[in-house]
Amino acid sequence: MDRSIYIVDTGVANMSSIEAGFRRLGVPVVRGVDPGVVATATAVVLPGVGSFAAGIAAIDRNGLRASIIARFDEGRPILAICLGLQMLCRGSAEAPGVAGLGVIDAAIEAMPPAAVRPQMGWNRIEASGGPMLDSGDAYFANGFALRSAPADWKASWSEDEGDFIAGLERGRTVACQFHPEISGRFGAGILARWTESAFEAEVVRCV
Amino acid sequence: MRLNRIIPCLDLRDGRVVKGVRFEGLRDIGDPVEIAGRYSDAGADEIVVLDVSATSEGRSATPALVRRIREVVDVPVVVGGGIGDVETANRLLDAGADKVSVNTAAVMRPELIESLRDRFGRQCVVIAIDAIRRDRMGWELLVRSGRGRTGLDAIGWASRAVDLGAGEILLTSHDRDGTRSGYDLGLIRSITRAVSVPVVASGGAASWRDFAAAFASGATGALAAGVFHEGQVGIGDLKRSLLAAGKEIRTC
C-alpha cells in the first residue's frame, strides 16, 4: 500500500512549505500532475495560491478537472488548501465566467470590506464540530472567501470585519481557506488528523 | 478576529545571522537555521530572513539555506535581499519561502512588482521600504540597505508599490533601526493611512510597549531583531505582556 501523500503540482502553489509540513510529521510526499494518480491515490492535496483564473487554468491545462471531481464523488481523501478550497467551488467573484470544479455548491465572494486587505496574517477559527478542524489560530493569505456555508458540509468560521468560512469538512474531504502547513502546531494537528484518516480509509478498502 | 504578528528578523551575512545599528557595524549572532527554529518554537508568528550583504554584492539569499530553514519553521517565512528578477524570486519560493521581500530592485524597476504579482500573486509580494525622516518634509525612501538616497517620498512610493501589486509593506525606520528608542509611530501612521495592505513595522523595538504602540498605530505586524537575539525580550514573555494589555495575539 502506498503510504505517501500526492500533492497536485500545477505550478501555482507554495509546494515546498506543504511538503515540509508533511515531512515534519514523518509522512512522505510525492508531487505531480498525473490525472490517473490524482483520481485514485490514497491521499491527495490540492494546494494553490494566486488568482482563481490562473489556478483553474492550470487544473484544466493538466487535464485534472475530471480526476478531482471523480475523486470527490468516490469519497477519496482530499485536502484542499487556500485557492484549492476556492477552486472546489462553483466559481468566484474574482473571475466571473470561469467555472470552478463545482464539488462545493457555493460561490466565492470578496472578503468583507476592511481597512486592511488582502487578509495576510493570523486569524482565530471557531471549530466546525467535525473531527478534522478544531478551534485555534491559523495563517491566512486571501482577498476572497466563502461567506455562507454550503449545505452538507461542516463549516468553521473566522471573522475580519465580517464573517467568512475558514474551513469545510465532509467525510475525508477537508478544505482550508487558511494554510495549515504554516500554521504552527494548530496546522500540524490538522495535517496529522487528515493523514491518519486517509490511511485508515485505505486499510478498510484493502480488507 | 485579526491577530497581530510578532516577527523576528534574521539579517544574514555570509550565511550567518548578524546585527548592526542603522545597518552598520555588523556583528555575528549565530546560525540562521538554529535561530529560526528556536524563534518558531517560541511562538514567532512569522520569520523574516534578509541577506543584508546580497544587494551590494550583486547576489541573492541562497535557496539552499532557505530550504534548511523551511524544514524547521512551521510559520510563514519571508526571504529578501538582492532579489532583482522573477526567476530569483521563483528559486526562493520553490526552496520554501512563502513570500519574497523586494527593496532596491523594485525602486529601480517598479514593473518588477507587477511581474512578481502576475507570476506568484499579491500574497507573495512584500515590498520593503527603508525610510529616513526629513525635517518637516515627511520621510525619504532609501535603497541599498539604507546606503542609497533616492529623493523619493517614502509614502508616495508605498502607495505606488501597492497599486503595482505589493501585498504587504515591510516598513523600516532608518532613524530608529537598532537604536531601541521605539518604532517611528508617525511613519507607521502615515503609511497605514496611505495604503490598505498589511504593514509590518520595523526599527527601534525595545519593550512590549513598543510592539503595542506599533499595533495601535496601524501596523498588523511588528518586527525586531536585536532585542530577540540578545534575550532582552523573549517572544513568550512579549506575547504574555501584549495579551495582558488586551492586544489580539496568537496564543497556540
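See the structure printed just above.
## Structural notes on the packing of helix 3 (residues 63-72) of chain B against helix 4 (residues 86-95) of chain B
Residue and element names in this part refer to chain B.
Part 1 of the argument: Remark: helix 3 packs on helix 4, axes separated minimally by 8 Å, with the N-to-C direction vectors making an angle of 25°. Considered as vectors, helix 3 and helix 4 are oriented roughly parallel to each other. Where helix 3 crosses over helix 4, the handedness of that crossing is right-handed. Between helix 3, through Pro63, Val66, Arg67 and Arg70, and helix 4, the contact on the second element is made entirely by Arg91, Leu92, Asp94 and Ala95.
Part 2 of the argument: Its residues placed into classes, the contact of helix 3 with helix 4 shows 4 nonpolar, no polar and 4 charged.

## What about the nonpolar core?
Part 1 of the argument: Membership of the largest hydrophobic core comes to 81 residues, with the highest contact counts inside it found for Ile127, Phe211 and Phe228 of chain B.
Part 2 of the argument: Ile127 of chain B has contacts with Val102, Ala106, Ile113, Trp157, Ala161, Ala166, Glu168, Ile169 and Leu170 of chain B, leaving out every residue within four places of it along the chain.
Part 3 of the argument: By size, the runner-up hydrophobic cluster in this structure holds 31 residues, among which are Val38, Ala80, Leu83 and Leu168 of chain A.

## Quick word on the interface of chain A and chain B
Part 1 of the argument: At the interface, 31 residues of chain A touch 34 residues of chain B.
Part 2 of the argument: Taking both sides of the interface into account, the surface hidden between chain A and chain B amounts to around 2700 Å²; carbon and sulfur atoms contribute 51%.
Part 3 of the argument: It is Arg24, Met120 and Trp122 of chain A that lose the most area in chain A upon contact with chain B, and together they represent 26% of the buried surface on that side.
Part 4 of the argument: Here chain A is connected to chain B by 3 salt bridges.
Part 5 of the argument: Across the pair Arg2 of chain B and Asp160 of chain A runs a salt bridge, and its minimum N-O distance is 3.7 Å.
Part 6 of the argument: Remark: the boundary between chain A and chain B carries 20 residue pairs in polar contact (both at pLDDT 80 or more).

## Examining the packing of aromatic side chains
Part 1 of the argument: Scanning all chains against the criterion turns up 9 aromatic pairs over all chains.
Part 2 of the argument: Following the ring pairs from residue to residue traces out a cluster consisting of Phe140, Phe164, Phe178 and Phe186 of chain A.
Part 3 of the argument: Sitting above the plane of the Trp122 of chain A ring, Arg250 of chain B keeps its charged end 4.0 Å from the centroid.

## Comments concerning the sheet that holds strand 6 (residues 104-110) of chain A
All names here are of chain A.
Part 1 of the argument: A sheet is described by the order of its strands in space; here 3 strands give the open sequence 5-6-9, paired in mixed fashion. Among the strands making up the open sheet, the edge pair consists of strand 5 (89-92) and strand 9 (144-145).
Part 2 of the argument: When strand 6 meets strand 9, the two strands line up antiparallel, connected through 2 bridges. Across the sheet, Glu109 pairs through a bridge with Ala145, a residue of strand 9.

## Quick word on the sheet that holds strand 11 (residues 163-170) of chain A
All names here are of chain A.
Part 1 of the argument: Spatial strand order, 2-1-3-4-12-11-10: 7 strands in an open sheet with mixed pairing. Of all strands in the sheet, those bounded by a partner on one side alone are strand 2 (29-32) and strand 10 (154-159). Neighbouring strand axes in the sheet, compared pairwise and without regard to direction, differ in orientation by 20° on average.
Part 2 of the argument: Pairing between strand 1 (residues 5-8) and strand 3 (residues 44-46): 2 bridges, direction parallel. Bridging from a neighbouring strand, Tyr6 pairs with Val44 of strand 3.

What counts and what doesn't
Residues numbered from 1 in each chain as written. Chains lettered and ligands numbered in written order. Predicted model: local features only at pLDDT ≥ 70, side-chain atom pairs only at ≥ 80, totals over all residues. Heavy atoms only, no water. Axes fitted to C-alpha atoms, helices over the stretch in contact; angles between N-to-C directions. Helix = DSSP H or I, 4+ residues; strand = E, 2+ residues; numbered from the N terminus. Parallel < 35°, antiparallel > 145°, perpendicular 65-115°, else oblique. Left-handed = near helix turned anticlockwise from the far one by under 90°. Contact = heavy atoms within 4.5 Å. Nonpolar A, V, L, I, M, F, W, Y, C, P; charged D, E, K, R; others polar. Core = buried A, V, L, I, M, F, W, Y, C linked by side-chain atoms within 4.5 Å. Buried < 20%, exposed > 50% of the residue type's maximum accessible area, 1.4 Å probe, protein only. Buried area = accessible area lost by both parts, 1.4 Å probe. Salt bridge = Lys/Arg side-chain N within 4 Å of Asp/Glu carboxyl O. Polar contact = N/O pair within 3.5 Å; in protein donor to acceptor, adjacent residues only side chain to side chain. Phe/Tyr/Trp six-rings, centres within 6.5 Å; stacked < 30°, edge-to-face > 60°. Lys NZ or Arg CZ within 6 Å of the ring centre and 35° of its normal. Pairing = 2+ DSSP bridges.

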